[in-house]
Amino acid sequence: MFIVMASPECAPVAKAGGLGDFVHGLCRELASRGNAVELVLPKYDSLRFDRIEDLHKVHGDLWVPFYDRAIHCDVEYGEVDGIKCFFIDAHSEHGFFNRGKIYGDADDPDRFAFFSRAVMELLYKSGKHPDIIHCNDWHTGLMPVLLYEIYAGLGMDRTRVCYSLHNVGHQGWTGPHVLHMNGLDADRLMAPERLRDPGNPGAVNLMKGGIVFSNFVTTVSPRYAWEIQHTEQGMGLQDVLQVHDHKFGGVLNGIDYDTWSPQRDTHLPVRYGPETLPEKAKSKTALRARTGLADDFKPLVAVVTRLDRQKGVELIRHGIYYALEQGCQFVLLGSASSPEVNADFQRIKDETDASPDCHLELGYDEDLAHLIYAGADMILIPSVYEPCGLTQMIAMQYGCVPIARRVGGLADTVFDANYSDRPFEERNGYVFDDFTYAGLESALGRAIGLWKRYPEYFRQLRVNGMRQDHSWNGPAQHYLDIYNHIRT
Ligand SMILES: Nc1ncnc2c1ncn2[C@@H]1O[C@H](COP(=O)(O)OP(=O)(O)O[C@H]2O[C@H](CO)[C@@H](O)[C@H](O)[C@H]2O)[C@@H](O)[C@H]1O
């Protein structure tokens, strides 16, 4: 099967969070099963160029329609961990992809609407007829609209679209100008059953466009699929997801075991697995050395996250103080895009910097993330909502026990040591329901108590997590079944 993946992110060259891991892992697994997979990304100036092999120009004259003119683009090709990757380099006065970062500018909807058009134009002009285009999040929500409204009529009538929702908290709200920009009929498309935002009749909702016009829509866990259809987590899209229920489902993400496996991870001082678990202690020592923590007999609790409201920053803050009070050590690696949140955590960092038991690292650091998963005993994930969540799955691979709020994909993957109805060998962490300090303490307190009083039982929880299969094997097959279903 010929599959084109379109995304604003792919690890490790353009990663802001979990979407980058998803694209990287799924593309590799699909290709390893003999499918022809091509990925298209913007050529950001912030790409990790050192991770792209043999980058070279393959098209010098792609002209992408833009209002009543066209913008000149070059297309470059290179391989990222074996993934065939095309990069769109836009020569516009807006510097669409030259912002030193992936997201975070006021004209993001224009930048990614342009990218969506450029991908379609590239496929059309190079005569490619993929069986499937797999789009991701609001940034590429306009692609199925463009396929249906323009490119199917130009001969791309066999191509089908699978559209994945990674975070319904960001829907690409914008104005009708993005439709004019792309030569689309704004009057017709602004109808309530098409791209008009459910909450703001003057606004275009790009994610809604993707849902309406795709052949199949997925989100990244079964529980989140239910939540966004039936609770306020749908953030206004509940009705449209219910109308399109016949082509909607949840597929739990996988993680890439070549990247995330303590048996193979070159970031660790010594590699280990469930059979050699005592070796994990060497990573704990290395993590303490790296972060300036004392080498003491204490459990080490960690957080690795984007410091976004979604991730439960209030409970993360409380978790730091609570864990320290309970005699733990704490390491946080967090990147905040909001200056207020960054300042808040900077204040906590200043306050705790002298402590031999606490280290906060504000920013994004892939290498340190690996050492934290390996060195920590527990990872705290108190999300407000969580479409899937990769950190709990990665942590479990490394024998680090998750303490998570029971929402979205966390509810589908973390099973409470005491209260789960699953058999003991499937229990792998601690969960809580209420988004309150007491809720968090009820789970974290039990985990700390177990570490201190029943080490053998705690070790068994680690092993249970390590033995679970979160590879891309099952999810990739699920996506192939979906692709086959919409092709016939
Ligand atoms: N400061 C930092 N330094 C280094 N590495 C960091 C980091 N902060 C985060 N990471 C890494 O980024 C990834 C984050 O994964 P999440 O599942 O939490 O993703 P995110 O919320 O961004 O993505 C969205 O998409 C994914 C994929 O579908 C869903 O799992 C998720 O629920 C949804 O919110 C992990 O690989 C983690 O190690």
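Parameters at a glance
- Residues numbered from 1 in each chain as written.
- Predicted model: local features only at pLDDT ≥ 70, side-chain atom pairs only at ≥ 80, totals over all residues.
- Heavy atoms only, no water.
- Pairing = 2+ DSSP bridges.
- Helix = DSSP H or I, 4+ residues; strand = E, 2+ residues; numbered from the N terminus.
- Axes fitted to C-alpha atoms, helices over the stretch in contact; angles between N-to-C directions.
- Domains from an automatic or database assignment.
- Contact = heavy atoms within 4.5 Å.
- Buried area = accessible area lost by both parts, 1.4 Å probe.
- Core = buried A, V, L, I, M, F, W, Y, C linked by side-chain atoms within 4.5 Å.
- Buried < 20%, exposed > 50% of the residue type's maximum accessible area, 1.4 Å probe, protein only.
- Phe/Tyr/Trp six-rings, centres within 6.5 Å; stacked < 30°, edge-to-face > 60°.

1. Describing the sheet that holds strand β2 (residues 36-42)
Next, step 1: Pairing within the open sheet is mixed, and its 9 strands lie in the order β3-β4-β5-β2-β1-β6-β7-β10-β11. Each having just a single partner strand, β3 (53-66) and β11 (248-250) make up the two edges of the open sheet. Direction aside, neighbouring strands of the sheet carry axes that sit 25 degrees apart on average.
Next, step 2: Of the strand pairs in this sheet, strand β6 (residues 132-136) and strand β7 (residues 160-165) are connected by 5 bridges, and their pairing is parallel.

2. Brief notes about the domain arrangement of the chain
How big an interface is tends to be expressed through the accessible area that disappears when the partners come together.
Next, step 1: Each domain of the chain was delimited in the assignment, giving domain 1 (2-254 + 473-487) and domain 2 (274-467).
Next, step 2: The C-alpha-based centres of domain 1 and domain 2 are spaced at 32 Å.
Next, step 3: If you look at the interface, domain 1 gives 19 residues, while domain 2 gives 18 residues.
Next, step 4: For the pair domain 1 and domain 2, the summed buried surface comes to about 1,400 Å²; carbon and sulfur atoms form 58% of the total.
Next, step 5: Of all residues in domain 1, the largest losses of buried area upon contact with domain 2 belong to Lys-15, Arg-223 and Leu-252, amounting jointly to 29% of the total for that side.

3. Remarks on the nonpolar core
Next, step 1: Residues Phe-114, Leu-165 and Leu-179 are the most contacted members of the largest nonpolar core, which totals 133 residues.
Next, step 2: No other element matches the 9 residues that helix α2 (residues 108-125) contributes to this core.
Next, step 3: Counting residues domain by domain, this core receives three or more from each of domain 1 (2-254 + 473-487) and domain 2 (274-467).
Next, step 4: If near-sequence neighbours (up to four positions away) are discounted, Leu-165 is found in contact with Asp-137, Met-207, Ile-211, Val-217, Thr-218, Thr-219, Val-220, Ile-228, Leu-241 and Phe-248.
Next, step 5: The next biggest cluster of nonpolar side chains, apart from the first, holds 33 residues, and it includes Val-401, Leu-444, Phe-458 and Leu-461.

4. Side note on the sheet that holds strand β14 (residues 358-362)
Each strand in a sheet pairs with another by means of backbone hydrogen bonds, the pair being arranged parallel or else antiparallel.
Next, step 1: Read from one edge of the open sheet, 6 strands run β14-β13-β12-β15-β16-β17, paired in parallel fashion. Taken across any chain shown, the strands that pair with only one partner, and hence form the sheet edges, are β14 and β17 (430-432). The mean inter-strand angle of the sheet, taken between neighbouring strand axes irrespective of direction, is 15 degrees.
Next, step 2: Relative to strand β15 (residues 378-381), strand β12 (residues 300-306) is paired through 2 bridges, and the arrangement is parallel. Residue pairing in the sheet places Ala-302 in a bridge with Ile-379 of β15.
Next, step 3: Seen against the sheet, helix α11 (residues 339-352) touches β13 (329-335) and β14 and runs at an angle of roughly 150 degrees to β14.

5. Regarding helix α3 (residues 142-151)
Next, step 1: Buried residues dominate α3, accounting for 8 of its 10 residues.
Next, step 2: Inspection of α3 places Leu-142, Met-143, Pro-144, Val-145, Leu-146, Leu-147, Ile-150 and Tyr-151 among the buried residues, and these make up the whole buried set.

6. Here we look at the environment of Ser-116
Next, step 1: Among the secondary structure elements, Ser-116 is positioned in helix α2.
Next, step 2: When near neighbours in sequence (up to four residues on either side) are disregarded, Ser-116 contacts His-139, Thr-140, Leu-142, Met-143 and Leu-146.

7. Points about the packing of aromatic side chains
Next, step 1: Taken as a whole, this structure holds 20 aromatic pairs when the rule is applied.
Next, step 2: Taking 5.5 Å as the distance between ring centres and 65 degrees as the angle between the ring planes, the aromatic pair formed by Tyr-148 and Phe-213 counts as edge-to-face. Of this pair, Tyr-148 sits in helix α3 while Phe-213 sits in helix α6 (residues 206-213); the two residues are 65 residues apart in sequence, bridging distant segments of the chain.
Next, step 3: Look at Tyr-148 and you get exposed, because its relative accessible area is 59%.
Next, step 4: Relative accessible area serves as the criterion here: at 13%, Phe-213 is assigned to the buried category.
Next, step 5: Here the aromatic cluster, defined as three or more aromatic residues joined through ring pairs, consists of Tyr-44, Phe-66, Tyr-67, Phe-96, Phe-97, Phe-114 and Phe-115.

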